[in-house]
Each structure stands twice: as structure tokens, then as C-alpha cells.
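# Examining the three-dimensional arrangement
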Amino acid sequence: MLAQCTMDLLFYYRSLGLSLVIEVKDKAIFYADFITAILIRAIGQLLQVADIQSLKSLGASKFSKTSENFPAGDIAALVYLWNPLTIITCLGYSTSPIENLMIVLSLYGACRRLVPLAAFGLVMASHLSLYPVILIIPLVLLIGSGLDTPPRKLFLQPNHGDGYKKTNFSWRRVVLFFLWASVWALYVLVLCSISLKEYSGLGEMFKRTYGFILSVEDLSPNIGVLWYFFAEVFDFFRDFFLIVFHINILFMVLPLAIRLHHRPCFLAFVYIAISSILKSYPSVGDSALYLGLLGLFVNALADMQFSFFLFSGYLGTLLLSPVMHNLWIWRGTGNANFYFATAMAYACFQIILVVESVSSMLNHDRALKKGATPVAKKIQ
């Protein structure tokens, strides 16, 4: 089914006026999206198996039946492939699909506990964009303790006996992960130093990549909010607000990791969504990724509030954004406030989505505690 939908998507791409002879660059972007969808589907299948096993050991049979009936992996893969934001990114020849592929590759490697693959994906994603480096926390949790499960305190209740075996954190795999990440990072730096030998070297590369991201030098309009703020702020306060905006992401990392440490895949989704909101130069490709990953948790987030409101808000802002940009930049009949209003609304809807999804996941865990039944002790 996924392959057939992918072929339909390719036909849809061509029906929009693309040439039948696709260039190498177009093929690379399309194949990156296709491979990303396959990996998302594989992650969803692994999560579904782990979730069913955990729910059966907990004794929450009604939740396990619901999880079996809805293939979250297929839903997430199709949501990513058929998302209008994914299609727009592909048609715009953006490099975001390559970054998304590396992020999902690292998550897949961590879910399968393939340490070299997870380290490679993280290093390459961080090399393409600085923000994926915060995914090191959910990756370490995945490699050390395994896939998402309900909170351990549910399994440690006295009436559950020995129905659940507590898994120990594998520090050996974590150490190997950091070793492999160091090896891949060194390898990438060596290749970059060789390719830039005739130019300014690694120092200039860091200045024009990571330095460019952190300094927010380009104030061209985008779907984010930083370009407008730094266009209006006084130069005297610029460095202060740069620190404030960038440190906002770091402030959220530790509290979320403490609260959602038992669900590292969902924690990775939250980190990706937050970074796409607060990053210096966001794109619709970032939103396409976390909306696709959101489908992995369709069972747990079935009761999420404001779903129709969020869908309408995303659709409205995405339709209004190019209109306001055209009125301001090309026709000259509007101003920056028109376009910035849509960017602010888009950021607000993203924040609401993150807050509601986290709240729904925590409510789902509480519902598991109420619906769990005593599990008989295993016969020794």
C-alpha cells in the first residue's frame, strides 16, 4: 500500500507540471522523502510491537487491542508522504528532506539499537543544521533503555507481581554511541578540511554555517518570528536577545527529558517540534517532519483536544502566508505586519500542538494506570 501511494504521489508531482525527465537533484530529494517515509513506518512498527507487549504485561488489555487495530507506522508514513508541506518542500528543491532523512535515520538506528547507524545520523543531521544536536538525549535513552513504554512506576505496583521484568540501562551501548559519534564527527571534519584546504579552512566554515545560524545575520522574511524581531530591536540589545532566544531551547530540554524519559521517541518528536518553532531560519520541511512523526502516536493521542482547531489553523496560516508575502513583496499593497501576523499565528498553533500533545500523552499514561489490572506472577 505504501509503495502504491508513493507511485501515486510521483504521478501527482508530475501532474503539477514537472518534466517527465526528472533531474538528478529532483530524484535525490524525492528518494530522500521516500526513504524517510519507509524508516518512519519501520519505527512505527517497532513502537507498536513494544507498546503491545508492555500493555499486555501491564494487564491493560483494552488498550493493547486498540493499539493492534491502528497501524501507526503506516499512518505516519502516509501522513509524511502526502503532507502538503512535504510536497512543497520537494517542489521547492529544498535540502530539508536530506536533513529530515538523517534525523529519522538516527532515530531508526537508536530504536533498533544499531549504535553506528544512530551516531552517523545524528552527526550528519547536526552537520547540516545545528539544532538536531539536542536529539542526543532521546537517542541515548533509546539506546540505553529501549523503546517507549508506559512509566515504570506502573509496573512496579505491588499488585502486578513479577509480570514485568525491569530492564536495566545499558551504559555500554551509550559509551559505544559516543565513541561512534566522535569517530563520525572526526571523519566529517577531516573531509571538510580537505575540501576547504584551498579556501579559508574549518574556521571560516564554522563561521559561515553555525555562526550564521546563531548570529541571525540574514533578516529575509520566513515563516519564523526572529527575522521581524531582530529587524526592529535596537542594536545595543541584539546580543542579549540572541542569547535569550537561543537559550530558550536549552531551558526546555532537561525538564521535558525528566518528565518524558520513559517515552524517548515521543520526546524526540517534541524536541524536533520545539526546534522548528525557535530555530533561526525555519522552513516548512521542519514542520513536515514533526507532523509525520506525530502520526506514530495516533493511538496515544486519539483524545487530544483542539484537533480540528489546530488543523484549521495550520491550513489557514499556510494559505494566507504566500498571499500576504505576495501583497507585501511583489504588489506593494501591504506591509511587513501583514506577513508577520501569519508567522505569529503559525508559531502559536505550533506551540498549542506541542502543549496539547504532551498533555494528551501524560493523560494517556494516567489512563493506563487506572485501566491496568493485576498480572499473575510467573511460575518459577
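That block above? That's the structure.
Overview of the structure. (Residues numbered from 1 in each chain as written. Predicted model: local features only at pLDDT ≥ 70, side-chain atom pairs only at ≥ 80, totals over all residues. Heavy atoms only, no water.)

### Brief notes about helix 17 (residues 307-330)
For helix 17, spanning 24 residues, the distance from its first C-alpha to its last is 34 Å, which sits close to the expected 34 Å at 1.5 Å a residue. For helix 17, every residue scored as buried is listed here: Leu310, Gly313, Tyr314, Thr317, Ser321 and Met324. A positive backbone phi angle near 75° is found at Gly332, which sits one or two residues after helix 17. (Helix = DSSP H or I, 4+ residues; strand = E, 2+ residues; numbered from the N terminus. Expected span 1.5 Å × (residues − 1). Buried < 20%, exposed > 50% of the residue type's maximum accessible area, 1.4 Å probe, protein only.)

### Digging into empty space enclosed by the protein
Throughout the structure, instances matching the rule amount to 3 cavities of 30 Å³ or more. Of the volumes computed, that of the largest cavity is approximately 110 Å³. Glu99, Ile103, Pro132, Ile272 and Ser275 are the residues nearest the centre of the largest cavity, which is lined by 14 residues in total. At the level of elements, helix 6 (96-111), helix 15 (264-278) and helix 16 (284-294) are the ones that each hand at least two residues to the lining of the largest cavity. When residues of the lining of the largest cavity are assigned to their parent elements, the largest contribution, 4 residues, is made by helix 15. Each pocket or cavity is described by its volume, and for the second largest cavity that value is around 70 Å³. (1 Å grid on protein atoms, 1.4 Å probe; cavity = no way out; pocket = protein on both sides within 12 Å on 5 of 7 lines; lining within 4 Å. Points joined across faces, edges and corners; volume = space filled by probe spheres on them.)

### Topic: the environment of Ala110
Along the polypeptide, Ala110 turns up in helix 6. A residue is classified by how much of its surface remains accessible, and Ala110, at 1% relative accessible area, is buried. Distance from Ala110 to Gly121, taken between C-alpha atoms, is 9.7 Å for residues 11 residues apart in sequence. Dropping the residues within four chain positions of it, Ala110 is found in contact with Ala118, Leu139, Leu142 and Ile143. (Contact = heavy atoms within 4.5 Å.)

### Some words on the side chain of Asp33
Among the secondary structure elements, Asp33 is positioned in helix 2 (residues 24-58). Note on Asp33: relative accessible area 3%, which makes it buried. Separated by 2.9 Å, the side chains of Asp33 and Tyr80 make a polar contact. Among all residues touching Asp33, those that are not within four sequence positions of it are Tyr80, Leu81, Thr86, Cys90 and Pro97. (Polar contact = N/O pair within 3.5 Å; in protein donor to acceptor, adjacent residues only side chain to side chain.)

### Brief notes about the packing of aromatic side chains
Per the counting criterion, the structure on display carries 25 aromatic pairs. Ring centres 5.6 Å apart and planes at 70° place the aromatic pair Phe177 and Phe178 in the edge-to-face group. The exposure class of Phe178 is partly exposed, given its relative accessible area of 39%. Their ring planes at 25° and their centres at 5.9 Å tell us that Trp227 and Trp328 sit as a pair that is stacked. Separated by 101 residues along the polypeptide, Trp227 in helix 13 (residues 226-232) and Trp328 in helix 17 bring together distant segments of the chain. A network of ring pairs unites the aromatic residues Trp227, Tyr228, Trp328, Tyr339 and Phe340 as a single cluster. (Phe/Tyr/Trp six-rings, centres within 6.5 Å; stacked < 30°, edge-to-face > 60°.)

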